[in-house]
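Residues per chain, in single letters:
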Amino acid sequence: MQELFVKGTSLPDAYHKALLALHENNDEVPCPDYNTNQKEASMTFIADYPLKEPIISKFFIGDPRSLEQYRQEMLDGILDFEVERGNWEYTYHQRMEKQIPWIITELRRNPDSRRAVVVIRDETDRDTESPACLQILQFLIRKKALHCKVVFRSNDATKAAFMNAYALVMLQKRIADTLGISVGSYTHRAHSFHVYEKDYDMFDGYIKRLKIGGELAYYFEGDWDEQMEEAKLGIAKMVEELRNRV
């Protein structure tokens, strides 16, 4: 199995380098759970400055509203009630929420701690059709900056990886802000970083654009931040309608 490692300055830079590396070094293997094939490698990509502009990759397949909704799902648990109703088996927020306050307490107790680890996987993942892809997060303060390191057992390179990384960087920022320190590097590790066969053409299109070059990311400040802010009212209305649905 291919073992890949790339570094970038910003989040899109690191993500784009990960896509290029996967395209150049992968194994095409069966994916029986979904009755398909996939191009796969183990990938680690690091963004040294994940909040450096421009922040939003143009290969993110959603829009500002969908990214804001995902951020709220991950950080604020706006759809956790779907678990209580039995519609979903879990959310990442549900599994993280009781651990995050301890992370902050631990890092205040000992800024040099190596114990600030959030565990997502639990025993129910052994018996479900949709086990959590995200497994653990670790936060470390080094040189007065909060670094975040995450591990995925499985990560869709074309459709999920950037969105996952963005939301986790926003969590990193929230914790750093609470601690009153700066945001450090973001490290994203996926043991299976893959592209499904149905997305090969999309993947090839990404690679073609990367090789041509040009502007491949959107600025957050003054663009996406304003659009995401405008989307909040619609998201709140949608959540309320779901809550009231019998």
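The structure presented is a predicted model; accordingly, all values stated were derived computationally and were not measured.

Undergrad: Looking at this structure, how should I read the overall build of the protein chain?
TA: Helix and strand content of the protein chain: 8 helices and 10 strands. Here the C-alpha radius of gyration of the protein chain, 18 Å, is about what a compact globule of 246 residues would show, namely 18 Å. In terms of overall dimensions, the protein chain has C-alpha extents of about 50 × 45 × 40 Å along its principal axes. By residue count, 52% of the 246 residues in the protein chain fall in the buried class. Within the protein chain, counting contacts between residues at least 6 apart in sequence, those at least 24 apart form 70% of the total. Put simply, the protein chain shows about 12,600 Å² of open surface, and 49% of that area lies on carbon and sulfur atoms. For the protein chain, the centre of its 33 positive side-chain charges and the centre of its 40 negative side-chain charges are spaced 6 Å apart.

Undergrad: Looking at this structure, I do not really get the pattern of salt bridges. What am I missing?
TA: If the charged atoms of two oppositely charged side chains come close together, the side chains can form a pair. Evaluated as defined, the whole model comprises 12 salt bridges. Here Lys173 makes a salt bridge to Asp177, at a shortest N to O gap of 2.8 Å. A residue pair is termed a helical-turn pair when its members lie 3 or 4 positions apart in one helix, as Lys173 and Asp177 do in helix 6 (residues 161-179) at 4 residues. What you see here is one network of salt bridges that share partners, running through Arg95, Asp122 and Asp125.

Undergrad: When you look at the side chain of Asp125 in this model, what are you seeing that I'm missing?
TA: Tracing the sequence through the fold places Asp125 in the loop between strand 5 (117-119) and strand 6 (134-142). There is a polar contact of 2.8 Å between the side chain of Asp125 and the side chain of Arg95. Of the polar contacts made by the side chain of Asp125, one reaches the backbone nitrogen of Ala132; its length is 3.3 Å. Contact partners of Asp125, with chain neighbours within four places excluded, come to Arg95, Ile120, Pro131 and Ala132.

Undergrad: Even after reading the chapter, I still don't get the pairing of strand 7 (residues 145-152), so can you show me in this structure?
TA: Each regular strand carries side chains that alternate between the two faces of the sheet. With 6 of its 8 residues buried, strand 7 lies for the most part within the structure. The sheet contact formed by strand 6 and strand 7 spans 8 bridges and is antiparallel. Looking across to strand 7, one finds that Leu140 is bridged to His147. Where strand 6 folds back on strand 7, the antiparallel hairpin that results is connected by 2 residues, among which Lys143 adopts a positive phi of roughly 55°.

Undergrad: I'm lost on the nonpolar core in this one. Help?
TA: Most often, soluble globular proteins keep nonpolar side chains buried together rather than apart. With 67 residues, the main nonpolar core has Phe45, Tyr92, Leu137, Phe139 and Tyr166 as its most contacted residues. The contacts of Tyr92, once residues within four sequence positions are left out, are Tyr70, Met74, Ile120, Ala132, Cys133, Leu134 and Phe152. In terms of nonpolar packing, the next biggest core, distinct from the first, is built from 8 residues, Ile78, Phe81, Ile235 and Leu242 among them.

Calculation rules
Residues numbered from 1 in each chain as written. Predicted model: local features only at pLDDT ≥ 70, side-chain atom pairs only at ≥ 80, totals over all residues. Heavy atoms only, no water. Helix = DSSP H or I, 4+ residues; strand = E, 2+ residues; numbered from the N terminus. Rg over C-alpha atoms; globule rule 2.2 N^0.38 Å. Buried < 20%, exposed > 50% of the residue type's maximum accessible area, 1.4 Å probe, protein only. Contact = heavy atoms within 4.5 Å. Areas by Shrake-Rupley, 256 points an atom, 1.4 Å probe, with all protein chains shown as cover. Lys, Arg positive; Asp, Glu negative; His and termini not counted. Charge placed at Lys NZ, Arg CZ, Asp CG, Glu CD. Salt bridge = Lys/Arg side-chain N within 4 Å of Asp/Glu carboxyl O. Polar contact = N/O pair within 3.5 Å; in protein donor to acceptor, adjacent residues only side chain to side chain. Pairing = 2+ DSSP bridges. Core = buried A, V, L, I, M, F, W, Y, C linked by side-chain atoms within 4.5 Å.

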